[in-house]
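Structural description and commentary
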Amino acid sequence: MQQIKTWEEYKSAYLLSTAEPEKFWAAVADNFEWQKKWDSVLQWNFTEPSVKWFEGAVSNITQNCLDRHTETSPDAISIIWEPNNPNEASQKISYRELLHSVNQFCNALSKIGVRKGDRVCIYLPMIPEAAIAMLACARMGAVHSVVFAGFSSASVADRINDSGCSFIITADAFYRGEKKVELKKIVDEALTQAPTIKHCVVFNHRSEQITMQPQRDVWWHEITKNCSNNFLPEPMNAEDPLFILYTSGSTGKPKGLLHTTAGYMVYTAFTFLNVFNYQNGEVFFCTADVGWVTGHSYLLYGALLNGATTVMFEGIPTYPDHGRFWDIVDKHQVNILYTAPTAIRSLETYGIKIFENKKLTSLRVLGSVGEPINEEAWHWYHTHVGKNKCDIVDTWWQTETGGILISPIATVTPLKPAFATLPLPGVQPVLVDESGNEIQGNNVAGNLCIKFPWPGMARTVYGNHERFRQTYFSTYSNLYFTGDGCRRDDDGYYRITGRVDDVINVSGHRIGTGEVENAIDEHPLVIESAVVGYPHDVKGQALYAFVICTEKISDVEKLVAEVREVVAQKIGSFAKPDKIQVVPGLPKTRSGKIMRRILRKVAERDTSNLGDTTTLLDPAVVDAILAGSK
Ligand code: WT7
C-alpha cells in the first residue's frame, strides 16, 4: 500500500479522495487479497441510512492479516505478549504460529457448533487468546462481540441478550495489577440471565479453582486438542458482519455498533499505515484493551493487516511501579506508542523520577486517543516520553467510525499541541450550528459532522436500524453527527472540544449518564437521580450524581457507598461516580425536564452565574443543592 510521505502527497491524496472518492479507495483496496473483486466501490445515502463499500467483493480479513504474511515472512513476530507480572515470561508469536493457533481454534469452535453468522461473546483479559478468539471468529464468519473484562455480570448478560450470542469465550481469572478478577465467576452469574448461550469456552490462564458446568462449559485446551492447524478462511461478502461492539450513548441502553468486512479492513489498514507512519519491522504498542474499539482497529486488525509486530500488555501502567510502560518500551524496543491522555496525566503526577534508568530511544512516533489531550499533557508526553524527537498524533475517532478520521500523519503534518489537526484522506468534516447550517470559513466552532461516507464506518446498530438512523443521521439532514463539539482555527486545524450530548468521557471510558442514572435508581432508597460530568485533572472528566431518596437518610456515607456499589454491579467499577450528593429535589422545568445545565454548573463549582432559573418548577431547590454541594 502506498504511504503518504510528504505534505504535498497528503494534499494531493486529500484532493483526490474528495474529488474522486471511488477511484481513491479502489486504489487503496487493490492492495489486499480478494477472493473476488468488487462490482461497485460505493453505494450510499445518509437518509435511510445505507452505506455499502466494495459490494460484490469476497474476502476474509484474516487471510489479509495472517496467510499473506505467513507466506512472505512466516517467522516475523505478530504479537508480543507482556504479562501483568514482569517476573513472568513474555511471549513472542510468529505470524505462522498465530495462523496455526487461529486455525486450530476455528476447528475447535466448529466442533462445538459455531457457524457462520453466529454471534460469539468474547470476555477475556489481554492475553493472546483474546486475539486468537477474535481472529478465529472472523476467519469462520462468526460475528465477535468483545466485552471489556471490566464490565459486570449484568452488563455481560445485557450484551449477550441484545445480540443473541450463542457462545461465550472466557478465562478462569486474571490479575490487573495486584487485583484478581475472577472472570469465570462473573460469567457464571451472567449466564443465569442469558439463556441463548449454548457453550462457554474457558481458557485456563491462572489455574484457578473454578466450577465447570457439565455440557455447557468446555475447556479451551480440551476442545483444541488434536485439531488440525489448517482451516480455510470463510469467503465473506464485503458487507457481511465482522463484529459488534457496544458503546454508550446519551440515552437508553448501550448500542451494539455493527462493523462489516471489506470497508473496515481497508480503512483500518490504510489509517494504521499512514497515521503512525509505520515502517516495515517496527514494533507497535497500543495500550488500549481489546474490549474497546482502539484495541480492535489498531492493536489487532490495523497492525496485523500491515504485518506489524503488535504488543499486547495484560497489566496496568502503575504496576509494579510507575515505570512499567517505559520498561515495556525498552524491553521490546517499541517504535510506536499509542496511549490515552488519562494514562499520561496520571503518570505525570508522579514526576520525572519515573523515567530514571529508562532509555526510550527506540520510540519514533507517539499517539494519543480517546479524549482531548490538554496542552500540558501534550508537552509532557512530547518532552519526557518522546525526548522532543517524536511526532505526537492526536487521533480523533469513535467506536462508530471504525478508524481514525481526524489526525496528523506522523512525520508529515505540522503539529499543533491539543489539535487533532486535519482530516485524513476520504474524510469530509463539517461544523454546523444549532439549526444545522454548515459553518464556513475558519476561526469558528460548532457541532462536528461528517458529510461523506468512509469505508470504516459502522453500518447499523445491531437489531435496531431505526436507532442508528435516529442517533446519527436525524439531527442534521444528510450528515453523520458525531456528538462532539469542535473548533476550526485560522489554519483550518480541528480541535475537538468534547461531547455536546450526555455522554461523559471518564478516563477515556465513554459513559452514558442515563445508564448510570438507571443503575443508581435501582437502589431501594433512591427515587430519582441525575448524573453530570465535571472536569477532573487526571480522568479528564468525572461523574457527579445528585440523588433524591425516599426518606431522610441518617447515614449518608452508607448510602453513598451503596449507591457506588450498585453502579459497580450494574455496569462496572469504572463507572462509579466520584461525587454523590443527596438532594431534596432536582431542578426541573414545569414540563418535568431536568435542567442539567444547572447541575453541571454546580458540579463544575461555577455557580456565579447559574443562568435563568425562573422557569423552574421550584427555584428554591437550587439553593438547597448549592448548600449541600461537594
Ligand atoms: C469519543 C469516542 C476513538 C477510540 C476510543 C474512544 C472522544 C476520542 C479523541 C481525541 C478528543 C476524542 C470523543 C469521541 N475522543 N478521541 N483525539 N480528541 N476527543 O472511542 O469510546 O467510541 O469514544 O471519544 O468525544 O466522540 P469511543
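Look up: the structure comes first, before these words.
Now for a look at the structure at hand. (Residues numbered from 1 in each chain as written. Predicted model: local features only at pLDDT ≥ 70, side-chain atom pairs only at ≥ 80, totals over all residues. Heavy atoms only, no water.)

Among the residues of helix α18 (residues 620-627), Val621, Val622 and Ile625 are the ones counted as buried. The buried residues of α18 occupy one face: seen down the axis, they fall within an arc of 100°. Exposed residues pointing more than 90 degrees away from the buried face of α18 are listed as Asp623 and Ala627. The inward-facing, buried residues of α18 contact β29 (540-549), β30 (579-582) and α17 (596-603). (Buried < 20%, exposed > 50% of the residue type's maximum accessible area, 1.4 Å probe, protein only. Helix = DSSP H or I, 4+ residues; strand = E, 2+ residues; numbered from the N terminus. Arc of directions from axis to C-beta. Contact = heavy atoms within 4.5 Å.)

Turning our attention to the sheet that holds strand β11 (residues 199-203). Pairing in this open sheet of 8 strands is mixed, and the strands run β12-β11-β8-β6-β7-β14-β15-β23 from one edge to the other. For this open sheet the edge positions go to β12 (217-219) and β23 (460-461), each flanked by a neighbour on one side alone. As paired strands, strand β7 (residues 143-146) and strand β14 (residues 241-247) are joined by 2 bridges and run parallel to one another. Bridge pairing in β14 places histidine 144 opposite phenylalanine 243. Across the sheet, helix α14 (residues 465-473) touches β15 (255-260) and β23, and the angle it forms with β15 is around 95°. (Pairing = 2+ DSSP bridges. Axes fitted to C-alpha atoms, helices over the stretch in contact; angles between N-to-C directions.)

Quick look at the sheet that holds strand β24 (residues 480-488) now. Strand pairing within a sheet occurs via backbone hydrogen bonds; the two strands may be parallel or antiparallel. With antiparallel pairing, 4 strands are arranged side by side in an open sheet as β21-β22-β24-β25. Because the sheet does not close on itself, it has two edges, and the strands there are β21 (429-432) and β25 (494-499). Taken pair by pair, the neighbouring strands of this sheet meet at an average axis angle of 45°, ignoring direction. For β24 and β25, the ladder comprises 5 bridges, and the chain directions are antiparallel. Considered in β25, the bridge of arginine 487 is made with arginine 495.

Turning next to the site of the ligand. In the neighbourhood of the ligand, 17 residues make up the surrounding shell, with Asp394, Thr395, Thr399, Asp484 and Arg510 lying closest. Side-chain polar atom of aspartate 394 to a nitrogen atom of the ligand: 2.7 Å apart, as the coordinates give it. Arginine 499 is positioned such that a nitrogen or oxygen atom in its side chain is 2.8 Å from an oxygen atom of the ligand. Burial of the ligand by the protein chains amounts to 95% of its free accessible area of 550 Å². Taken together, the residues that form the shell around the ligand break down as 6 nonpolar, 6 polar and 5 charged. (Near = heavy atom within 4 Å. Polar contact = N/O pair within 3.5 Å; in protein donor to acceptor, adjacent residues only side chain to side chain. Areas by Shrake-Rupley, 256 points an atom, 1.4 Å probe, with all protein chains shown as cover. Nonpolar A, V, L, I, M, F, W, Y, C, P; charged D, E, K, R; others polar.)

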